[in-house]
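Geometric and topological summary
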Amino acid sequence: MGAQTKKIEHITGSDALLQSLIAEGASTIFGYPGGAIMPVYDKLLDYKGKLKHILTRHEQGAVHAAQGFARATGQVGVCIATSGPGATNLITGIADAYMDSTPLVCITGQVFSPLLGTDAFQETDVVGITSPVTKYNYQVTKADEIPAAIARAFYIARSGRPGPVVIDITKDAMIATLEYNYEPCNYIRSYVPEHKIKRDQIDKAALLINSAQKPLIVFGQGIILGNAEQEFLEFVNKSGIPVASTLLGLSAIPNNHPQYMGMVGMHGNAAPNIKTNECDVLIGIGMRFDDRVTGVVSKYAAQAKIVHLEIDKAEINKIIKSDAPVLGNVKESLPILTELIEEGKDYKAWIDSFQTCYDEEHKRVIKEDLQPAKGKIGMGEVINVLNSITKGDAIVVTDVGQHQMISSRYTDFKKTRSMVTSGGLGTMGFSLPAAMGAKFGRPDRQVISISGDGGFQMNLQELGTIAFNKLPVKIIILNNNYLGMVRQWQELFFDERYSNTPISSPDFVALAAAYKIDGELVTERETLKDALQRMWDSENTYLLEIKVAPKGNVFPMVPSGAAVDEILYGDERK
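Residues numbered from 1 in each chain as written. Predicted model: local features only at pLDDT ≥ 70, side-chain atom pairs only at ≥ 80, totals over all residues. Heavy atoms only, no water.

1. Here's the deal with the overall build of the protein
This is how the line gets drawn: Think of it this way: any DSSP run of H or I at least four residues long counts as a helix, any run of E at least two long counts as a strand, and we number them from the N terminus. As defined in this context, the radius of gyration uses C-alpha atoms, and a globule is described by 2.2 Å times the residue total to the power 0.38. Classification of residues uses two cut-offs on accessible area relative to the type maximum, computed with a 1.4 Å probe and protein chains only: under 20% is buried, over 50% is exposed, and between them is partly exposed. Two residues qualify as a contact provided that any one of their heavy atoms is within 4.5 Å of a heavy atom in the partner residue.
Helix and strand counts for the protein stand at 23 helices and 20 strands. Computed over C-alpha atoms, the radius of gyration of the protein comes to 25 Å, within 12% of the 25 Å expected from 2.2 N^0.38 for 574 residues, which places it in the range of a compact globule. For the protein, the spread of C-alpha atoms along the three principal axes comes to 80 × 60 × 45 Å. Per-residue burial over the protein gives 59% buried out of 574 residues. In the protein, the proportion of contacts linking residues at least 24 apart, taken out of those at least 6 apart, comes to 77%.

2. Structural notes on the nonpolar core
Put simply, the test is: Buried Ala, Val, Leu, Ile, Met, Phe, Trp, Tyr and Cys residues form a nonpolar core when they are joined through side-chain atoms within 4.5 Å. An automatic or database domain assignment supplies the residue ranges for each domain.
Residues Phe232, Leu282, Ile285, Leu532 and Ile546 are the most contacted members of the largest nonpolar core, which totals 97 residues. Counting residues domain by domain, this core receives three or more from each of domain 2 (199-353) and domain 3 (376-547). Aside from chain neighbours lying at most four places away, what touches Ile285 is Ile217, Val218, Phe219, Gly220, Ile223, Phe232, Phe235, Leu309, Val330 and Leu334. Counting residues in each nonpolar core, the second largest holds 44 residues, with Phe456, Ile477, Phe508 and Val509 among its members.

3. What to know about the sheet that holds strand E2 (residues 28-31)
Rules: Should DSSP find at least two bridges between two strands, the strands are taken to pair. Fitting a line to C-alpha atoms yields each axis, with helices limited to the stretch in contact; the angle taken between N-to-C directions then spans 0 to 180 degrees.
Overall, parallel pairing links the six strands, which are arranged E3-E2-E4-E5-E7-E6 in an open sheet. One side of each edge strand has no neighbouring strand; the edge strands of this open sheet are strand E3 (52-55) and strand E6 (136-140). Looking at each pair of strands side by side, their axes are set apart by 20° on average, direction ignored. Two strands pair when backbone bridges link them, and strand E4 (residues 77-81) and strand E5 (residues 104-110) are joined in this way by five bridges, in the parallel orientation. Of the residues in E5, the one forming a bridge with Cys79 is Cys106.

4. Comments concerning the pattern of salt bridges
This is how the line gets drawn: When a carboxyl oxygen of Asp or Glu is within 4 Å of a side-chain nitrogen of Lys or Arg, the pair counts as a salt bridge.
In this structure the tally under the stated criterion is 21 salt bridges. The salt bridge partner of Arg442 is Asp444, with a shortest N-O separation of 2.7 Å. For Arg442, a relative accessible area of 25% corresponds to the partly exposed category. Residue classification places Asp444 among the exposed positions, given a relative accessible area of 56%. When salt bridges with common partners are traced through the structure, they connect Arg161, Asp312, Glu315 and Lys318 into a single cluster.

5. Some remarks on the pairing of strand E13 (residues 305-310)
If a strand is regular, its side chains alternate between the two faces of the sheet. In terms of burial, E13 is largely enclosed, as five of its six residues are buried. Here strand E12 (residues 281-285) runs beside E13; their pairing, made up of five bridges, is parallel. The residue bridging Leu282 from the neighbouring strand is Ile306, located in E13. Bridge count between E13 and strand E14 (residues 324-327): four bridges; the pairing is parallel.

6. Digging into the packing of aromatic side chains
Test applied: Pairing of aromatic rings covers Phe, Tyr and Trp, the last counted by its six-membered ring, and requires centre-to-centre distances within 6.5 Å; plane angles under 30 degrees mean stacked, over 60 mean edge-to-face, and any other angle means tilted.
All chains considered together, the criterion is met by 10 aromatic pairs. Centroid distance Phe289 to Tyr300: 6.0 Å. Interplanar angle 75°. Geometry classified as edge-to-face. Within this pair, whereas Phe289 is found in the loop between E12 and helix H13 (291-294), its partner Tyr300 is found in the loop between H13 and E13, the two being separated by 11 residues in sequence. As far as burial versus exposure is concerned, Phe289 and Tyr300 are alike and both buried.

7. A closer look at helix H7 (residues 146-158)
The following threshold applies: Expected helix span is taken as 1.5 Å per residue step, with the number of steps being one fewer than the number of residues.
For H7, built from 13 residues, the straight-helix expectation of 18 Å at 1.5 Å per residue is met to within 8% by its first-to-last C-alpha distance of 18 Å. Taken as a whole, H7 has its buried residues at Ile146, Pro147, Ala149, Ile150, Ala151, Ala153, Phe154, Tyr155, Ile156 and Ala157. Looking one or two residues beyond H7, the residue adopting positive phi is Gly160, at roughly 55°.

8. A look at the layout of surface pockets
Selection criterion: In the cavity and pocket records, a cavity denotes points on a 1 Å grid over the protein atoms alone where a 1.4 Å probe fits but cannot get out, a pocket denotes an open set with protein on both sides within 12 Å along at least 5 of 7 lines, and lining residues are residues with an atom within 4 Å of a point. Grid points are joined across faces, edges and corners, and a volume is the space filled by probe spheres set on the points. Note that Gly is not counted as nonpolar here; it falls among the polar residues with everything else outside the nonpolar set of Ala, Val, Leu, Ile, Met, Phe, Trp, Tyr, Cys and Pro and the charged set of Asp, Glu, Lys and Arg.
The volume enclosed by the second largest pocket comes to roughly 720 Å³. The wall of the second largest pocket is formed by 29 residues, among which Asp369, Lys551, Gly552, Asn553 and Phe555 lie closest to the centre. The set of elements that each furnish at least two residues to the lining of the second largest pocket consists of helix H15 (348-370), helix H16 (379-390), helix H17 (402-410) and helix H21 (484-493). At four residues, H15 tops the list of elements feeding residues into the lining of the second largest pocket. The class makeup of the residues in the lining of the second largest pocket is 12 nonpolar, six polar and 11 charged.

9. Notes on the sheet that holds strand E19 (residues 518-522)
An order of E16-E15-E17-E18-E20-E19 is seen for the six strands of this open sheet, with the pairing classed as parallel. Since the sheet does not close on itself, it has two edges, and those belong to strand E16 (419-420) and E19, each with one partner. Across six bridges, the pairing between strand E18 (residues 474-479) and strand E20 (residues 542-547) is parallel. Each bridged residue has a counterpart across the sheet, and for Asn479 the counterpart in E20 is Lys547. Across the face of the sheet, helix H23 (residues 528-537) comes into contact with strand E17 (447-452), E18, E19 and E20 while running at roughly 160° to E20.

Laid out in structure tokens, this is it:
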């Protein structure tokens, strides 16, 4: 007998899509059916037990859920939608994922290929619309293109600096048959996801670090995306250098680490912001020097030499000029740099100076935030009590606004991938669906969604998805009856002209009850801890609406257009 040949299977394009997703390790997909994607949904019935499809109540819920899944697990998030409005409803989440380097593969249905360009029913130019906010996109018009398109999509989404990929598939490609053979992709000509580490770059960086008297490390999400938490911890421990996090870098290192000095940025901690403009060497690791971190660029660390460890060549010298750029994956570059830096340098006086700044911030802001003596419950007070219950062992998923900044400032983190929030795009309505996705991805961990009353109302329909799936997400709504962050800016910079920021809300507890979700309203601080404890202990979904101070503000604050050490503490006008 001759040598056996591999059997080639003849299947439909829809089967090929689903089998390709399985081959790439996808287990959970979020989506919403419609006419153009219907052949795929028909075939989904044949893959029960292999692919879990979560029917969200809106396509924006699906893409945010895929983001939450990806951020909590480190895997590629997958979502699926039909053509036209189904596809366009994904755009906000795709843009959010692009800004925050979240690996997604988004599948959209498209009209039959002969109808392309005819303004057919529910036709939109998905490739054209998504080009500015995707790492890669591609329109499939033939069934035999599907396996290679999916392989390429996953490779691009997860490699190098991660990001979202869109694959738009015409309906005839889903229906037609092909000879199915799947081959994973690990190379694309002209695509260089990671650059080879250059030893001379690391040598220069090490020389600057070893000569520094007042160095400061600012780290970002690149540590988490590169799975380099252990390598980073070893670098920090050996160096003895104080460290500060960007918003998206939070939880990459436990925030009870003795060298951790807090968060930088517009509403970050005073000490690392002030010391940015006093350090002699600033070491940026896996961060991109965005405007919320730098303030006015001309006054950002002007006195310091800049070391920048970064995977994306486009970020080097884009905003802050680097004296020692190190291009490459930090998981590879950090161990080499750690070998070269000196151990046991004495930075005690330098670190003590951070404590002086912290003491000032504590006296003027933190003490009142965490333990207000009177009046309505404060947002910081809620987070402080929550910390006493969670002990830092929860995935916290925030919406966008004042509660986001308060949560990021005060939440305790012990484990990586414990802070999921919308950073670059700042998408209100993010928290509830993203928390849902995070819980599907990490059923072993408690997931807490924290929203304001405004943001929660943007995607509250996903309570239906949570209720249907009996998903034990814990939901906190900090209700101040305002669009709080906009109101704060109106107070500070627009003469207290509160245009369209007061907002009404439904009875959130009654709304939860309509979905058969447990919930309660908290209005008095005497009942706050017990209510949070009941939420934490519940084995079911639980919603807490907490009435907080209507005009509470988030300080310290670096005003727009100011330097990072030009800080408002909030008591200047008293």
